[in-house]
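Remarks on the overall topology
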Amino acid sequence: MSEDKIRVVLIEPNRMAKVAEIEGSLEAMQQVVQGDIQAIYPFEEEVCMVCNEEGKIDGLPLNRALYDENHEIYDIIAGPAFICDCSGESFGSLSDEQIKKYSRQFMRPERFYSTRDGVKAVPFQPYQGYER
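Thresholds applied
Residues numbered from 1 in each chain as written. Predicted model: local features only at pLDDT ≥ 70, side-chain atom pairs only at ≥ 80, totals over all residues. Heavy atoms only, no water. Phe/Tyr/Trp six-rings, centres within 6.5 Å; stacked < 30°, edge-to-face > 60°. Helix = DSSP H or I, 4+ residues; strand = E, 2+ residues; numbered from the N terminus. Buried < 20%, exposed > 50% of the residue type's maximum accessible area, 1.4 Å probe, protein only. Lys NZ or Arg CZ within 6 Å of the ring centre and 35° of its normal. Disulfide = S-S within 2.5 Å. Pairing = 2+ DSSP bridges. Arc of directions from axis to C-beta.

Tallied over the full model, the rule gives two aromatic pairs. When the ring of Phe43 is compared with that of Phe106, the centres are 6.2 Å apart and the planes differ by 85°; the resulting orientation is edge-to-face. Note that Phe43 is positioned in the loop between strand 3 (37–40) and strand 4 (47–52) and Phe106 in the loop between helix 2 (96–105) and strand 8 (110–115), a separation of 63 residues in sequence. Classification of Phe106 as buried rests on a relative accessible area of 6%. Grouping aromatic residues by their ring pairs yields a cluster made of Phe43, Tyr102 and Phe106. The residue whose ring lies beneath Arg111 is Phe124, and the NZ or CZ to ring-centre distance is 3.8 Å.

Laid out in structure tokens, this is it:
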């Protein structure tokens, strides 16, 4: 892996999570998330999810839900996102252990439904060859 690239878990709408190597520049990260980046910190360790700052406003497809300690949805990411290390001054590569953990946690894409009790997310298995 080249020094200017970082290893992340890439999370795209309607696709299984995957390990990816992306350029570490701001421009490259903006290209991955299809707009201005926003780092959010829903994890206890020093990793973050980088997503499109205006993904919902821009109407990007809903991607994955974020859950609180009671397993209630508190936010939904819209558009592509990635998980990376945030322990230093700039975004960095995840460790092998973190890759396994977050790949598993966000592996399956989710479909979202409105109910009387609020929005619900249902993981699904995309079929091979599915294109957005």
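Per the stated rule, a full pass over the model turns up one disulfide. Between the sulfur of Cys48 and that of Cys86 lies a disulfide, 2.0 Å long from S to S. On the criterion of sequence distance, the pair formed by Cys48 in strand 4 and Cys86 in the loop between strand 7 (81–85) and helix 2 is long-range, its members being 38 residues apart. A relative accessible area of 0% means that Cys48 is categorised as buried. Left unpaired, Cys51 is separated from the closest cysteine sulfur, that of Cys48, by 9.5 Å. Summary of cysteine pairing: Cys84 is not part of a disulfide, and the nearest cysteine sulfur, belonging to Cys48, is at 3.9 Å.

Attention now moves to unusual backbone geometry. A positive phi angle, close to 65°, is found at Gln34, a residue other than glycine. Among the structural elements, Gln34 can be located in the loop between helix 1 (26–33) and strand 3. Here the phi dihedral of His71 falls at roughly 60°; this positive angle occurs in a residue that is not glycine. Take His71: its relative accessible area is 58%, and that puts it in the exposed class.

Further remarks concern the pairing of strand 2 (residues 18–23). With six bridges connecting them, strand 1 (residues 5–11) and strand 2 associate as antiparallel partners. Bridge assignment links Arg7 to a residue of strand 2, and that residue is Glu21.

Below, the discussion takes up helix 1. Residues of helix 1 that are buried include every one of Ala28, Met29 and Val33, and no others. Buried residues in helix 1, looked at end-on, bunch into an arc of 130°, giving them a common side. Exposed residues lying more than 90 degrees from the buried face of helix 1 are Glu27 and Gln31. Positive backbone phi, approximately 65°, marks Gln34, located one or two places after helix 1.

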